[in-house]
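The primary structure of each chain is shown beneath.
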Amino acid sequence: MHPMLNIAIRAARKAGNKIAQNYENPSNIQVTQKGMNDFVTNVDRDSERLIIDIIHKSYPDHTIITEESGELSGKDQDIQWVIDPLDGTTNFTKRLPHFSVSIAVRVKGRTEVAVVYDPMRNELFSAVRGQGAQLNGYRLRSSDVRELEGTIIATGFPFKLKQHSAVYMKIMTKLFESCADFRRTGSAALDLAYVAAGRVDGYFEIGLKPWDFLAGELIVREAGGIVTDFVGGHNYIASGNIVAGNPRVVKDILASMRDELNEALKR
């Protein structure tokens, strides 16, 4: 096993156990608001500390970028661990059992190792660049559908960027003419993992942060899918505007979006 994958899995499982324990004891959960429609709990922070401690024990010089603590610069700037300790915080606070721990390791700007862990189902999605994607040790392959008809598309409403809500609803309406149905689950990392597993056929969302999607992106790619921005390019790391699926599904989603996008969403 890739040594950094081994550490990422250990950290994800340890954080996942902490999250699951607190899920069963809601009186322990303290919720605070970071911004509009943006919440954090003490469990997010505790899980993040666990992950950071495990990484630092093995790789004290690596840089760590986290949702809650920001960038913890190390001597080695070429290797970055990008972490979301609890992707799906709102689900967690509502005791809706769908959330995950997301850990990506980037080396000189390329994601090399990825883990997305669902502690409630004990499902661990992982990937190493060039070595494929796995779910609990079994190889993953993304959906092989050839057109949008009959597909299930995952998405997330732009609840932090409501200025795009009208455009988003137009895109949804356009896609709904062709696809079978939508899923909106509340964890971008798991949405991408589900694309890799073929549980959903495609995915799109506006304005994600790198810790939301970097691990899921590599898992999708290693399962045979592709990830683009809303115009088929590679600017999604900067914009956070993401489309994922197999090449045919992505092509059809992009075609449905094309006439509805405003200038801000084309960047």
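Owing to the predicted nature of the structure, the values given are computational and were not obtained by experimental measurement.

Ordered by their spatial adjacency, 5 strands build an open sheet running 12-11-13-15-14, and the pairing between neighbours is mixed. Edge positions in the sheet fall to strand 12 (181-183) and strand 14 (226-228), since each of these pairs with one other strand and no more. Neighbour-to-neighbour, the strand axes of this sheet turn through a mean angle of 20°, independent of strand direction. Examined bridge by bridge, strand 11 (residues 152-156) and strand 13 (residues 202-205) share 4 bridges and lie parallel to one another. Bridge pairing in strand 13 places Gly-156 opposite Glu-205. Helix 5 (residues 188-197) rests against strand 11, strand 13 and strand 15 (242-245) of the sheet, and its axis sits at about 155° to strand 13. Helix 8 (residues 247-257) contacts strand 11, strand 13, strand 14 and strand 15 of the sheet and is inclined by roughly 145° relative to strand 15.

Across soluble globular proteins, nonpolar side chains have a tendency to be buried as a group. Grouped together as the largest cluster of nonpolar side chains are 35 residues, with contacts concentrated most on Val-116, Phe-125, Leu-140, Tyr-203 and Ile-219. Looking at this core, the elements with two or more residues in it are strand 7 (110-118), strand 8 (123-128), strand 9 (133-135), strand 11, helix 5, helix 6 (210-222) and strand 15. The leading source of residues in this core is helix 5, at 8 residues. Residues lining this core come from more than one domain, with at least three contributed by each of domain 1 (3-139) and domain 2 (152-258). Setting aside its immediate chain neighbours within four residues, Leu-140 contacts Phe-125, Ala-133, Gln-134, Leu-135, Ala-196, Ala-197, Ile-219 and Ala-223. Grouped together as the second largest cluster of nonpolar side chains are 32 residues, Ile-29, Ile-51, Ile-79 and Val-101 included.

A separate point is the UniProt feature "binding site: Mg(2+)" (unreviewed entry) in the chain. Mapped onto this numbering, the UniProt entry gives "binding site: Mg(2+)" (unreviewed entry) at Glu-67, Asp-84, Leu-86, Asp-87 and Asp-212. With the annotated positions falling across 146 residues, the maximum pairwise C-alpha distance of 9.6 Å places them together in a single cluster. Tracing the chain through its elements places Leu-86 in strand 5 (residues 76-87). With residues up to four places along the chain from it excluded, the contact list for Leu-86 reads Ile-19, Thr-41, Asp-44, Phe-92, Phe-99 and Ser-100. In contact with Asp-87, other than residues within four places in its own chain, are Phe-99, Ser-100, Ser-187, Ala-188, Ala-189, Leu-190 and Asp-212.

On to the pairing of strand 15. Residues Ile-242 and Ala-244 point to one face of strand 15 and Val-243 and Gly-245 to the other, with burial holding for every one of them. Taken together, the 4 bridges between strand 13 and strand 15 define a ladder with antiparallel strand orientation. Paired with Phe-204 across the bridge in strand 15 is Val-243.

Attention shifts here to the environment of Ile-171. By the element assignment, Ile-171 lies in helix 4 (residues 165-176). C-alpha of Ile-171 to C-alpha of Lys-75: the two residues are 96 residues apart in sequence and 44 Å apart in space. Setting aside anything within four residues of it in sequence, one finds Ile-171 in contact with Phe-204, Met-257, Glu-260 and Leu-261.

Another aspect to go through is helix 1 (residues 3-23). With 21 residues, helix 1 ought to run about 30 Å at 1.5 Å a step, and its terminal C-alpha atoms sit 30 Å apart, in line with that. Of the positions making up helix 1, those classed as buried are Met-4, Leu-5, Ile-7, Ala-8, Ile-9, Ala-11, Ala-12, Ala-15, Gly-16, Ile-19, Asn-22 and Tyr-23.

Time to look at the domain arrangement of the chain. The domain boundaries assigned to the chain delineate domain 1 (3-139) and domain 2 (152-258). The distance between the C-alpha centroids of domain 1 and domain 2 comes to 21 Å. Taken together, the contact between domain 1 and domain 2 spans 39 residues of the former and 25 residues of the latter. Approximately 2,300 Å² of surface area, both sides summed, lies buried where domain 1 meets domain 2, with 62% of it carried by carbon and sulfur atoms. For the pair domain 1 and domain 2, the number of links is 1 salt bridge.

About the cut-offs
- Every chain is numbered on its own, with residues counted from 1 as its sequence reads.
- Where totals are concerned, whole chains, interfaces and linings use all residues; where local detail is concerned, this predicted model gives features only for residues with pLDDT of at least 70, and gives and counts side-chain atom pairs only at 80 or more.
- Excluded from the side-chain calculations are hydrogens and water; all other atoms, namely the structure's heavy atoms, are used.
- Two strands are counted as paired when DSSP detects at least two bridges linking them.
- Helix and strand labels come from DSSP, where a helix needs a run of H or I of at least four residues and a strand needs a run of E of at least two; each type is numbered from the N terminus.
- Interaxial angles span 0 to 180 degrees and are taken between N-to-C directions of axes, which are lines fitted to C-alpha atoms, for helices over the stretch in contact.
- We call two residues contacting when some pair of their heavy atoms lies within 4.5 Å.
- Only buried Ala, Val, Leu, Ile, Met, Phe, Trp, Tyr and Cys residues count toward a nonpolar core, and they belong to the same one when joined by side-chain atoms within 4.5 Å.
- In this scheme, a residue with accessible area under 20% of its type's maximum is buried, one over 50% is exposed, and one in between is partly exposed, where area comes from a 1.4 Å probe on protein chains only.
- Source of the domain bounds: an automatic or database domain assignment.
- UniProt positions are given in the numbering used here, feature names are shortened, and annotations may be inferred rather than shown by experiment.
- Helix span, as expected, comes to 1.5 Å for every residue beyond the first.
- Buried area: the accessible surface (1.4 Å probe) lost by two parts on joining, summed over both.
- Salt bridges are counted wherever a side-chain nitrogen of Lys or Arg sits within 4 Å of a carboxyl oxygen of Asp or Glu.

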